[in-house]
Amino acid sequence: METGFATVNNQGKALVFGGLNIDILGMPAAGYHPADSLPGSIHLSVGGVGFNIASHLAEGGMAVSLVAALGQGAYAHMAEEACKTRGIDLSLSLRTQCPSPTYMAIHNQEGAMVAAINDMAAMAQLNPDYVKQHKDAFQQGFQVCVLDANLPEETLATLPELVSAPLLADPVSGEKGRRLLPVLKKLTAIKPNAMEALVISRCEDVPSAAKWFLEQGVEQVYISLGKDGLYYAWREGEAHLPALSQTQVPSTGAGDTMTAGIALAIASGKSVPDIAFSGLEAAARYLEFIKQERSS
């Protein structure tokens, strides 16, 4: 299924390390109230930061290899079929005996996430020993490599030595994002949201956080601000771009789409300002698609 992500004439290859899981999203029909059973809608789909990014990159014209940890049961079959449909290669992924990774979120009526739980225990088995076995495959002409911080910290620390492509990291959450601290100096780019940027950097505002990432050695910093757009920085300067869409729909997935837009632009060799705009544009297009889908 297309998601509104821009298709471009790009025949490059992308390598993505991260989560492939089942997403369960609940949204109340009226106002959200904690500690109550609320009428509303529940949607079940294949997701995960790694899968979402890989899907958008494939839709953008790239040949994508996803390295994830696959679980067991009907959910695992559902995830594998989704990748097959989108043309995502899973030959480098790890098959485990764990339950299929699952993410469950509740949004309020405005589309903002108010609570979430993830069961990603299978990811722990995607360890350094496993990825080292595939070192030669990771060197096969990829134009960009995306890491999501669902990976174990030891694996994240190992991968920069195994991959030659430009590295873009998505922190996933503030807590998980701190797993990236040992590899910041090896990243081409990082794309946190504002909360993640502040938690990881321990700074009090977004510009300071961006400067901190640069001081750690990251070459390019793209901080998603939700409805307030995108703040980005690199050695030559910094800038803020306003949001291109104010659509009020569940925001889960928009950040992953922005990361994919940034990755696709990095693979295409664009300038930092153009990379930032590409990420913002991808997120806006995704939100408009979700709005149209839910109104149809």
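Residues numbered from 1 in each chain as written. Predicted model: local features only at pLDDT ≥ 70, side-chain atom pairs only at ≥ 80, totals over all residues. Heavy atoms only, no water.

A. Local environment of the overall build of the chain. Secondary structure assignment for the chain yields nine helices and 14 strands. A globule of 296 residues ought to have a C-alpha radius of gyration of about 19 Å, and the chain, at 18 Å, matches this closely. Each principal axis of the C-alpha atoms in the chain carries an extent, and together these give about 50 × 45 × 40 Å. Partitioning the contacts of the chain with sequence separation of at least 6, the portion at a separation of at least 24 is 66%. Counting only carbon and sulfur atoms, one obtains 51% of the accessible surface of the chain, whose full area is about 13000 Å². (Helix = DSSP H or I, 4+ residues; strand = E, 2+ residues; numbered from the N terminus. Rg over C-alpha atoms; globule rule 2.2 N^0.38 Å. Contact = heavy atoms within 4.5 Å. Areas by Shrake-Rupley, 256 points an atom, 1.4 Å probe, with all protein chains shown as cover.)

B. Here's a closer look at the side chain of S93. Among the structural elements, S93 can be located in the loop between helix 2 (74-86) and strand 6 (94-99). Accessibility expressed as a relative area gives 5% for S93, which makes it buried. For S93, the side chain forms a polar contact with the main-chain oxygen of L66, separated by 2.7 Å. In this structure S93 touches L66, V67, A68, L70 and Y130, once residues within four positions along its chain are discounted. (Buried < 20%, exposed > 50% of the residue type's maximum accessible area, 1.4 Å probe, protein only. Polar contact = N/O pair within 3.5 Å; in protein donor to acceptor, adjacent residues only side chain to side chain.)

C. Structural detail: the pairing of strand 8 (residues 113-119). Pairing geometry for strand 7 (residues 102-107) and strand 8, over six bridges, is antiparallel. Bridging across to strand 8, H107 finds its partner in M113. Connecting the antiparallel pair strand 7 and strand 8 is a turn made up of five residues, with G111 showing a positive phi of about 95°. (Pairing = 2+ DSSP bridges.)

D. Fine view of the packing of aromatic side chains. Taken as a whole and assessed by the stated rule, the structure comprises four aromatic pairs. Taken together, a centroid distance of 6.4 Å and an interplanar angle of 20° make the contact between Y222 and Y232 stacked. Residue Y222 is located in strand 12 (residues 220-224), and its partner Y232 is located in strand 13 (residues 230-234); the two are separated by ten residues in the primary sequence. Like Y222, the residue Y232 is buried in the burial classification. Ring geometry for Y232 against W234: centres 5.7 Å apart, planes inclined by 20°, an arrangement best described as stacked. Clustering of aromatic rings is evident, with ring pairs tying together Y222, Y232 and W234. Residue placement shows K13 over the ring face of F142; its charged tip is 4.7 Å from the ring centre. (Phe/Tyr/Trp six-rings, centres within 6.5 Å; stacked < 30°, edge-to-face > 60°. Lys NZ or Arg CZ within 6 Å of the ring centre and 35° of its normal.)

E. Region of the structure containing the pairing of strand 7. Sheet analysis places strand 2 (residues 21-28) next to strand 7, joined by five bridges and oriented parallel. Its bridge partner being in strand 7, I24 is matched across the sheet by M104.

F. Quick peek at the pattern of salt bridges. Across all of its chains, the model carries five salt bridges by this definition. The residue R95 makes a salt bridge to E80 at a minimum N-O spacing of 3.2 Å. Here the residue R95 occupies a position in strand 6, and E80 occupies one in helix 2, the gap between them amounting to 15 residues. Note on R95: relative accessible area 46%, which makes it partly exposed. (Salt bridge = Lys/Arg side-chain N within 4 Å of Asp/Glu carboxyl O.)

G. Region of the structure containing the packing of helix 1 (residues 49-59) against helix 8 (residues 254-267). At a minimum axis separation of 8 Å, helix 1 and helix 8 run at an interaxial angle of 50°. Here helix 8 runs oblique to helix 1, going by the angle between their axes. The interaxial crossing formed by helix 1 with helix 8 has right-handed handedness. On helix 8, the residues that touch V49, N52, I53, H56 and L57 of helix 1 are D256, T257, T259, A260, A263 and L264. Split by residue class, the contact of helix 1 with helix 8 holds six nonpolar, four polar and one charged. (Axes fitted to C-alpha atoms, helices over the stretch in contact; angles between N-to-C directions. Parallel < 35°, antiparallel > 145°, perpendicular 65-115°, else oblique. Left-handed = near helix turned anticlockwise from the far one by under 90°. Nonpolar A, V, L, I, M, F, W, Y, C, P; charged D, E, K, R; others polar.)

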